[in-house]
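Topology and contacts: notes
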Amino acid sequence: MPPSQTESYLLDYHQRLAGVTSRWLAGSPVLLGGSRYPSTYDLLADAVPEAPGTRVLDLACGDGYLLERVARRGLSGASLVGLDMSADELALAKARLGASATLVRGRAQALPFDAASFDVVLSHLALMLMDESAQVLAELRRVLKPGGRLAVVVGGTPVPGGAVALLKDLMKPLIAAEPAPPLSLGDRRFRSEAGLRELFGTGFQGVSVDALEVVDDGPPERAWEFLSTTYDADQLPPATRALLERSFLKEAKALEHDGGHVPCRWGMHRVMATAP
């Protein structure tokens, strides 16, 4: 099956920017309730139970950073598998992981694995981008063993008052002025708590949805370097991106606090569930 328009764009993006997600977020702490954790990757790696012989799938594994975090836990007899549709990301994952994980190229809508073959499925910032969300979730249920654990992190909405929200506000009129809007990636229900409960409430048990705040404060120039790689900004024509950069760096000055940093906060969600 040829890739869809969404998949074609994502393949091109991850060819140009392979490894970009972990490059920015591996060192960004995350707030959950009143607690602070090293990163969203660590939140997911810690969801893998300490049971001998656990078989783990990282769906849309990218450059393998999450699987590396799981491997570092030294779980007895664990079997780690990563799947991604990007050959460029998988090449980085292979270099990172070596023989510690099995890497497979494929699509989430048609997983090349037997039914009930995994104890845990993880996914980091990928489900909300995918076509055919119902089919993807059905595939996850199929490959999980009964009682198997699902743990995912998905993107949400910008935290008010910071650089992420500023970029979104500045982009709105620029996008409206473009002849064609950027691709709308994935099922919008993945970006709200209500939508997540709707999506996972059918077919999974014990569903929990937790709000996350990822902290990546820094100088305005660093914030722009990161935010310019978001999918909407990436799709803007070069001249429009240059205009957006100038506007962002000018407006971000008003957000600076001690040390010349601006608040760069990402709203995300963690979903935990079990297969029936």
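Residues numbered from 1 in each chain as written. Predicted model: local features only at pLDDT ≥ 70, side-chain atom pairs only at ≥ 80, totals over all residues. Heavy atoms only, no water.

All told, the structure shown has 21 salt bridges when counted by the stated rule. One salt bridge connects Asp 119 with Lys 145, and the closest N-O pair in it is separated by 3.2 Å. Of the two residues, Asp 119 is situated in strand 6 (residues 118-124) and Lys 145 in strand 7 (residues 144-155); the sequence distance between them amounts to 26 residues. According to the relative accessible area criterion, Lys 145 is partly exposed, its value standing at 31%. Where Asp 169 meets Lys 172, a salt bridge forms, and the shortest distance between an N and an O atom there is 3.8 Å. Linking Asp 169 with Lys 172, this pair stays in helix 7 (residues 163-177), spanning 3 residues, or about one helical turn. Here the salt bridges share partners, and the residues they tie into one network are Asp 63, Glu 68, Arg 72 and Arg 96. (Salt bridge = Lys/Arg side-chain N within 4 Å of Asp/Glu carboxyl O. Helix = DSSP H or I, 4+ residues; strand = E, 2+ residues; numbered from the N terminus. Buried < 20%, exposed > 50% of the residue type's maximum accessible area, 1.4 Å probe, protein only.)

Attention shifts here to the packing of helix 9 (residues 220-227) against helix 11 (residues 238-252). Between two packed helices, both the angle of their axes relative to each other and the distance between the axes serve to describe the pair. Orientation of helix 9 relative to helix 11, taken along the N-to-C sense of each, is 145 degrees, at an axis distance of 10 Å. For the pair helix 9 and helix 11, the crossing hand works out as right-handed. Facing helix 9, whose interface residues are Pro 220, Glu 221, Ala 223, Trp 224 and Leu 227, helix 11 presents Arg 241, Leu 244, Glu 245, Phe 248, Leu 249 and Ala 252. Counted by class, the contact of helix 9 with helix 11 contains 8 nonpolar, no polar and 3 charged residues. (Axes fitted to C-alpha atoms, helices over the stretch in contact; angles between N-to-C directions. Left-handed = near helix turned anticlockwise from the far one by under 90°. Contact = heavy atoms within 4.5 Å. Nonpolar A, V, L, I, M, F, W, Y, C, P; charged D, E, K, R; others polar.)

Taken across its 7 residues, strand 6 has 6 buried, putting it largely inside the fold. The pairing of strand 3 (residues 55-59) with strand 6 spans 4 bridges and is parallel. Looking across to strand 6, one finds that Leu 59 is bridged to Ser 123. Bridge analysis of strand 6 against strand 7 gives 6 bridges, and the strand direction is parallel. Within strand 7, the residue paired with His 124 across the bridge is Val 153. (Pairing = 2+ DSSP bridges.)

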